Amino acid sequence: ISKKSSSTEKSGHLFARFAEFSTFLSAKGTAMNVMVYQLENHGAKRAEIVLPPSAVFHSAWVGTQRVTQRATPTQLANENNSVTFSLNGQEADSSLTVRYITKQLPLGSTALINPAYPKTSFPVMQGRWTLWNSQQYVARAASRRAGTGSQPNWRHRLFGRMARPSEISIFKIGRAHV
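Not measured: the values here are computed from a predicted model. (Residues numbered from 1 in each chain as written. Predicted model: local features only at pLDDT ≥ 70, side-chain atom pairs only at ≥ 80, totals over all residues. Heavy atoms only, no water.)

Caption draft 1: Looking closely at the side chain of Glu20. With respect to the element layout, Glu20 can be found in strand β1 (residues 13-25). You can call Glu20 buried: its relative accessible area is 18%. Within the structure, the side chain of Glu20 is placed 3.3 Å from the side chain of Thr130, a separation counted as a polar contact. When residues no more than four places from it in sequence are discounted, the contact partners of Glu20 are Val34, Met35, Val36, Arg128 and Thr130. (Helix = DSSP H or I, 4+ residues; strand = E, 2+ residues; numbered from the N terminus. Buried < 20%, exposed > 50% of the residue type's maximum accessible area, 1.4 Å probe, protein only. Polar contact = N/O pair within 3.5 Å; in protein donor to acceptor, adjacent residues only side chain to side chain. Contact = heavy atoms within 4.5 Å.)

Caption draft 2: Quick look at the sheet that holds strand β6 (residues 82-86). Pairing is antiparallel in the open sheet, where three strands are placed in the order β6-β3-β8. One side of each edge strand has no neighbouring strand; the edge strands of this open sheet are β6 and β8 (119-120). Bridge analysis of strand β3 (residues 46-50) against β8 gives two bridges, and the strand direction is antiparallel. Note that in β8 the partner of Val50 across the bridge is Lys119. (Pairing = 2+ DSSP bridges.)

Caption draft 3: Fine view of the pairing of strand β7 (residues 93-103). One ladder, built from 11 bridges, connects strand β2 (residues 30-42) with β7; its direction is antiparallel. In the sheet register, Val34 faces β7, and the bridge partner there is Arg99. The pairing of strand β4 (residues 56-62) with β7 spans six bridges and is classified as antiparallel. Note on β7: the bridge partner recorded for Val56 is Ile101.

Caption draft 4: Region of interest: the packing of aromatic side chains. One pass over the full model with this rule turns up three aromatic pairs. With a centroid separation of 4.9 Å and an interplanar angle of 50°, the aromatic rings of Phe21 and Tyr117 are classed as tilted. Here the residue Phe21 occupies a position in strand β1, and Tyr117 occupies one in the loop between β7 and β8, the gap between them amounting to 96 residues. Since its relative accessible area comes to 44%, Tyr117 is described here as partly exposed. Their ring planes at 10° and their centres at 6.1 Å tell us that Phe24 and Trp132 sit as a pair that is stacked. Residue Phe24 is located in strand β1, and its partner Trp132 is located in strand β9 (residues 127-132); the two are separated by 108 residues in the primary sequence. (Phe/Tyr/Trp six-rings, centres within 6.5 Å; stacked < 30°, edge-to-face > 60°.)

Printed below as a string of structure tokens:
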């Protein structure tokens, strides 16, 4: 084991252990996106988020502290749609929450909905995307791997990827499988 170089000590290291991405999609196609990063910080003083091209910055929090600036939210993101956050380099565990608005196709049209992930200046180890839509709409699986195709059944809703296909019968006593 060797000692860190002085350049590494000055800049610090930051990564997200987990990122929870939620999209709240309205029937008209306006989407409120909420990204929550669970950060592990080893002396980093800044983090930068680059929002998707058509996104409009809404608000942000570092830990429980709301990020406030003299600029309005639309002025806070610069011309390349990036937002820089100051971090406490001494705090090892914290979270970063970013809210922004995007425009999608209206619900009801047959369209593939992709998450509008921002780019980060730090690596993200693992994450999850949750899509919230209006009650009168049902999300259907885009591929066979995600579900059964057109209409997910109760097994896939309950067990997700661990569900067995409906065409495979369950074990029956008295009937041997060869």
